[in-house]
Each structure stands twice: as C-alpha cells, then as structure tokens.
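So the chains spell out like this:
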Amino acid sequence: MFRTALRNVLAHKTRLLMTVLAVMLGVAFVSGTFVFTDTVGKAMSDQSRKSYDGIAVSLSRYGPVGDAGGAPQGRGEPGISRQTLDRIGKLNGVDSVTGQVSGFAGVADRDGKLIGSGWTNRGTNYAPGKDGKDPRYTFTQGHGPVKDDEVALDRASATAGGYRVGERIRVATDGPVKEYTLSGVFTTEDGQVNAGGSLVLFDTAVAQTLYLRPGYYSEATVAARPGTSADTLLSEIKPVVGKDVQAETGAALAERNAKAVEEGMSGLKKTLLAFGLVSLFVSIFLIYNTFTMLVAQRTKELALLRAVGATRGQVRRSVLAEASVVGVVASAVGLGVGVGLAVALRSALNGFGAKLPAGPLVVSPTAVTTALAVGIVVTVLAAWLPARRTARIAPVAALGSAHLPAAPKSLMVLNSVGGLMTAVGSALVVYGSAGGDERGRWLIGGGAFLALIGVTVLIPLLSRPMIAAVRPLLGLLFGVAGTTAARNAVRNPRRTGVTAGMLTIGLTLVTCLTVLGVTLAASVDRSTTDQIRADYTLTMAGGGTLDPSVVTALERTPGVTAVSGRQNAYLTDGKGGFDQVSGVNPAAIDELVHLKVVSGSLGSLAQGRVAVAQKTARKAGLAVGSTFEKAFQADGRKRTFTVGAVFDGNDVLAPYVLDARQIPLGPGGKPFLTQVFVKTAGGESPADEQRVVDALGGNPAIKIADRQELRHEMGGVVDTMLNLLYGLLGMALIIAVLGVVNTLAMSVFERTQEIGMLRAIGLDRGRVRTMIRLEAVVISLFGAVLGVGLGTFLAWAVGRSVRSNIPHYALVIPYARIGVFLLLAGIVGVLAALWPARSAAKLNMLTAIKTE
C-alpha cells in the first residue's frame, strides 16, 4: 500500500503542487524564525560577552539611594567618587580601575540635522590607561580627546557627517549646543554603536560636568592582576564601595546581559512563531480541500482497491501515507527556504542600516526537528478526515459514482456544531468585553477563537443565501457566464466554505488589527493634540531632559507670546506611594494647554497652591481649600499643600500641577524638564518656527513639532505597526490565495466534461474564462466580507474591554481601508483564476466531452 501511495503522489504531483507550496511557506516561516533569532541572538550574546573581556569587577550607581518605594529620593552622592576609585586601585590584586560617565550626545551634520535617531546617540568619557590608550576604542584617525574643546567620533557617524580630523563639529547634549574640534575617529565593539548608534568621546572632566558632577562616575570597571580571581576581588571591593553601589563580576554581568538578549530574542521568536502558526493553520484548509477533492476524483480507483481485498484501514493508511510523503517533501524544502530567508533577512536589515553583529549561521537541532515535525503533523492532520471518509465508503457504492457529495446528515452535524461554537464564542466575546480586566481579555481571546472556527464551519451553510443574493447582479452584468459562475460557487458548499474560510481567517485578523490601530490613533490624537493649544512642542530627540536655558531663550524671543515647560517630579507619602507632578509656568499654561477648571482658579498656582485632577481629588477626598502633606522625592522634606483648583482630567499634564518654581531641583542641580510649549503671535508658520530654531542656536537634538506634526508622529507609529503586522500576516494571505488557485484548478479538472458540453452548445473561450474568474471573485469576496464583519466585531469587543484605560476612546471604522481590503480580495480572485481560467478555455471540447 505504501508503494501504491507513492505512485499516487507521483501521478498527481501537479495537483499536489499547491499543497506542497502551502506547507513549504508555513514551515519556511517557522524554521526561518528559529534560525534568524538563534543566529542574531548568539551574535549579540557573543558581542556582549566580548565587550566585558578583561573586566574582573563591574561597579555601577545611577543617581542617589532609593527608598522603600523603589523610586530615587534625590539625596546622597550622585555616583561613584574619584576617591572611591583611588581606594579600590590600592587593593591587592587590582591592576587598573576605569571610571565611566555617559549620557545623551547628538552630532549635527553639515546641514544642521541630527546624525542618528536620537535614542541611540550617546556620549561618554575617554579614559586612557597607563599606556595613554583606552582599550575600548581603536583609532583609525587622530587620537582621543585630551583638551576641553576636543571630542572623538565613531567612524560611521564621522562618515555620515562627512567630517575629518581637525574640523569643528557641533555637539548637543542636555544643555546648549557647543562646538568642538574633532581629535580622532575610532571603531569599537560597543553593541549600541554596532547596532547603528553614534558615540561621542569627551575628556573625562568635560563628560563629568555634562552628565553628572565633577569628580563622579556612574560606572567603573576593575581589571585584575594575573593570578587574582574575580570573586576574591569582588569580596574585597564590596566593603570599600558600600551598599549603595552595585558590584558584580564581569563574568556575571556578561552572563546577565546575554540572558537579557536571550529573553528579548525569545519574545521576538514567540511573536514571529505565532504568525507562522497562523499561516500553518490556514494551510490546513488548503490541504483538507486538496485531499478531499483528490479522494473524490479517485473514488473508483480506491473502490477497486477495496474490491480486490484492501481493508478500510489499508485504504485510510494509503491516503495518510500520501499526506506523509507530501509533508516530508514540503517540510524539507521549507526548512531550506527558511534558512535562506533568515540569511536574506539579516542581510536586508544590515542593508537598511540595522548593523546586526557578525556571527556564524545557527541552525539548531530544535529548529530542524520543530520545522519537520510541524510540517508533517499539519499535513497528516489535515488529510485525516478525507482519509477517514474514504475508508468508510462501501466498494459497490464507490464503483457506481464518480463524485461523492457530502451526506446531508454530515452537513447537518457540522452546521449544528458550527452554530454552537459561534454562539458560545460570541457570548464569551461579549461577556469578556464588559469585564474590562485581564480575565475579560482572556475570555475575548478564547471566544474569538471559538467564533472564528464556528463561522468557518458555518461558511458552507452561509454560502448559498449570500451568493444567491448577488446571482441576479452577475447575470445582469455578465449574462450566462455570470449566472453559471454563481451556481458553480455553491455547487459544492463544503469546498467553497473551506476555500473562502482561508481568506476569512486572514481578513478577520487584518481587519481587527486595523480597526484597533485606527481607533487607538484617533484616541491618542484627541487626547493630545486637541488638548494642546501651543503652536509648537519641544522635546529632546533622545527622550531626555531639556536644559532650563531653552525656556529662558524662548521667553526673550520676539514674536513668542507664551512659554511654559513641563517639569516632572514625584510626591511621596513616605509609605511607598508616589504621585506624579507637573511643574508649569502659571502665567502662561492656560494659553498653552487646554485645562477645563471644575472649581477654583488656575491663578492660584502663582500663589503657591496646587491644581488637582478631578478623579484624583475624588479618590483622595480633596476639594478647593483642602490641605495635605507630602514630600518631594528629590529632597524628602515634607510640605503642606493647599488645593487651589480642581480640573477635568488632562492627558498632557500630571494629576497634580504646581508652579515649577516650587519643585526642588534634581540630583544634577537641574529640573527634570521633558517638554516646552510655545505660542507665537503669528501662529504656526515657517517664519515663526525659524525664530524658535534660531533662539535655540540651531540645536539639532531638540525636536520642534507643530500640532499637525504631532498628529503625523502618532499616526506614523500606528501605521508602522500596522504595516509590520500586515507583512507578518502576508504569508497567511498568500496561502489563502494558493487555496483559491488550487480549488479552481482541481475544480476545472473535475468539470472537464461539463466545460466541454458548455463549449459545444455555444459558450466561447472568452466566456469560459470569465465564468472561472467570476467564480474566483465570488468566493474571494464572500470570504472577505465574512472576515471584515467578524474582524470588526472582535475589534469592538477588544476596544470595549480597554476603553477605561484609553482616554477619549471611541470606535472608529476605517471604511476606506475596509473598501481597499475588499477590492484587493476581488483582485486576488482575478489573479488566482488566471491559470485555471486559461486551462479551462484551452480544453478541446470533443476531448473534454469524452472525459469520464
């Protein structure tokens, strides 16, 4: 029977081509995910470990001591002092101690634009050892900075800016932009730089002044003398640095960082595998359809095997053996394609500037066994029902029929099961959406899965009335070809349902994500730009703090009518609880941010009072005139605050709003200024924006955005995420298209005699092609409409469950995008029908009529 199965595979290899392609694509996605994440993860881990070569002990301290609540209080030393490092250097076994201090540093190119993205732009100190060199950097030109006005730049950034050693370059940190002389260009094993970031090296004294405080470091590394173990050195260093400094061996730190890389890649792997499994799930429908049609077309052949002595089990096993052969071949090819995809993706990302670390290709046994097992199991599982159905057909009944339609009883059972699953799933979705908690969202997920499977099972039942509704229109527009196409689409409801189901699953996920994304973007837009009255909003490109001089410079700028910073701080009750505070300019904030006052007056801020958001006030039992005691975390000193105003919740400012002058400065003697709002006399205009740029000295690190740019920035994030998700779901949609092609091609083969008869009674080649194309379009649009409807329903449910956490939430149906999805589904139908329609039109009518 196995030889028979193998001969059948070889005899029907053309009809099994789409099945092989579907399984191959799914397996390629899975294997490619394993190979890509394992390869990149190992390269990043190796690079991380390499960067800690020669480090026996690592020390770190970022900011002051934390309290019981875990937030910094702003008291104590800001870092590790030079005196502490000197004491460590005198310990036995210590070869050298290197202090480090770092922060944001952005370099302007020759056009004044920032080199890099901002988030990966960094500056640190150049710390030469006894030989006058810093082993972390290899200079290809010039030397490290040795003067206050010198800096060195990584090679990629120097090339991007077109700078040479000796030229003056403009560097922006958290303070005003300054000019420095480029003393050297270097390469480094720093992972952030190799990933595409920029790095500026300053003289140590300059870096300490810029980022911390003279004489202090945020990190330090200790090298051991030969024969001294890192653990011994660590035990000697800990009493010296005290409990406020985190000390660990270089090996432990390298292992911790490598583990963090592994966890990050594990999250990426799980996400990609989820989409790969969606593709494989869709391929199950294609495989099921293929083997169902193959079995129906080979009924006489299989019945003959039964008649000559083959048992039910042997017939069933022969079909499963065919599926196994297909699964093995498709999985093996998919594994190879997946490895190729991983290599191509890595090269593509490097080509786009991602700069992934170099390393060997990793094809683990797990990747191989998982890919092969998944492909074979999915193929056999999908073919099990057709095989089981074949084995149950009596030989005499099979010999008397060339086509075996599904029994009414089996369809009735399927419809009942599908209806029950849809009802239960929908009920769970609706119930979970009302909960608004984690349990409710799990219910939505489970209900969505049940509803999706239930609707897929019900598609054969739904196909007749829905397609019948458009049959008159097709007949009116395309005549006999249109009417015949509509009838053909529902001739075998189960086959139509399985084919349309593949598109339904893909479009359900795409529509759900699209509706949620557009709704979220609209909510964020309403909660920010609609509440900002300022013409311009200023932030640091690296997400850091702005220097107070920004506010001072803008207040002196002609044409600027109102300026206020948003200074962040925290109030603590001393019991571990923290409340965020926004420090603003009381004289200008009402012109810059829309604050709806419920009671009291914002003018009271200038008198030292506090404005409290209405929800926070209710929770704390506060009203205008109420007093409460809390301390700023920056200094820990308790103060008595008086409520001067209660305002409606605002997403731009914190629940507590104070005059910025009342908030104590941070550890570096500077306020934590995250945003600055600016209003000009002429409103938003190129001239006024240029005045703001000039007032800031053309600082490349400060982002200036008007309200429209804020909208585009937020919408751009959502669009990027949606495009990424579309790409990941693209494999499932490609498999769905293959399913349409496969169904039509095998349907044309099955209806060869019928098509010959139609040709004989006058249906020309053109109308035959039109008939097949319309059949494909009808099936595609039918599946797409169901997917769009179900996806919108699920998006409504998910949105309803999280609306309490999203201010100004309101469901938005993107009709234009949904229209595009339906249009693309129709185009998919036309493209999928090209080959089957061409094959049908080329049939010789006499030969076709004689075909059994």
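Note that the structure is predicted; figures quoted are calculated from it, not measured.

Draft legend 1. Fine view of the nonpolar core. The biggest cluster of nonpolar side chains holds 70 residues, and the ones touching the most others in it are V282, L286 and I772. When residues of this core are assigned to their parent elements, the largest contribution, 15 residues, is made by helix 23 (residues 765-802). Setting aside residues up to four positions removed in sequence, V282 forms contacts with M502, I505, A732, I735 and A736. If you look at the next biggest cluster of nonpolar residues, it comprises 30 residues, including V319, L335, V339 and A367.

Draft legend 2. Fine view of the packing of helix 23 against helix 25 (residues 834-841). Contact pair helix 23 / helix 25: the axes reach a minimum separation of 8 Å and the direction vectors enclose 145 degrees. Two packed elements cross with a definite hand, and for helix 23 against helix 25 that hand is right-handed. Contacts between helix 23 and helix 25 involve R765, V768, R769, I772 and R773 on the former and, on the latter, P836, A837, A840 and A841. Counted by class, the contact of helix 23 with helix 25 contains six nonpolar, no polar and three charged residues.

Draft legend 3. A look at the packing of aromatic side chains. Evaluation of the coordinates by the stated rule reveals eleven aromatic pairs. On the numbers, 6.2 Å between centres and 75 degrees between planes, the contact of F202 with Y211 is edge-to-face. Exposure class is identical for F202 and Y211. Each is buried. When the centroid spacing of 5.8 Å and the interplanar angle of 55 degrees are considered together, the rings of F628 and Y656 count as tilted. Taken together, the residues span a long stretch of sequence, with F628 in strand 20 (residues 627-632) and Y656 in strand 22 (residues 656-659) at a distance of 28 residues. We note that F628, like Y656, is buried. Ring pairs connect the aromatic residues Y126, Y137, F139 and F186, which therefore count as one cluster. Sitting over the ring of Y216, R213 keeps its end group 6.0 Å from the ring centre.

Draft legend 4. Structural detail: the environment of M24. Checked against the element boundaries, M24 lands in helix 2 (residues 17-50). Residue class for M24 comes out buried when judged on its relative accessible area of 14%. In this structure the C-alpha to C-alpha distance between M24 and G338, which are 314 residues apart in sequence, comes to 8.9 Å. Here M24 is in contact with A330, V333, G334 and V337, once residues within four sequence places are set aside.

Draft legend 5. Just the packing of helix 23 against helix 24 (residues 815-832), in detail. Close contact between helix 23 and helix 24 brings their axes to 8 Å; oriented N to C, the two are set at 155 degrees. Classified by the angle their axes make, helix 23 and helix 24 are roughly antiparallel. As helix 23 packs across helix 24, the resulting crossing turns out to be right-handed. Counted together, A776, V777, S780, L781, A784, V785, V788 and T792 of helix 23 and I818, L822, A825, G826, G829 and V830 of helix 24 form the full contact between these two elements.

Draft legend 6. The arrangement of the pattern of salt bridges in detail. Scanning all chains against the criterion turns up 14 salt bridges. Each member of the salt-bridge network shares a partner with another, and the members are D149, R168 and E179.

Calculation rules
Residues numbered from 1 in each chain as written. Predicted model: local features only at pLDDT ≥ 70, side-chain atom pairs only at ≥ 80, totals over all residues. Heavy atoms only, no water. Core = buried A, V, L, I, M, F, W, Y, C linked by side-chain atoms within 4.5 Å. Buried < 20%, exposed > 50% of the residue type's maximum accessible area, 1.4 Å probe, protein only. Helix = DSSP H or I, 4+ residues; strand = E, 2+ residues; numbered from the N terminus. Contact = heavy atoms within 4.5 Å. Axes fitted to C-alpha atoms, helices over the stretch in contact; angles between N-to-C directions. Left-handed = near helix turned anticlockwise from the far one by under 90°. Nonpolar A, V, L, I, M, F, W, Y, C, P; charged D, E, K, R; others polar. Phe/Tyr/Trp six-rings, centres within 6.5 Å; stacked < 30°, edge-to-face > 60°. Lys NZ or Arg CZ within 6 Å of the ring centre and 35° of its normal. Parallel < 35°, antiparallel > 145°, perpendicular 65-115°, else oblique. Salt bridge = Lys/Arg side-chain N within 4 Å of Asp/Glu carboxyl O.

Nothing here speaks to function; it is all geometry.
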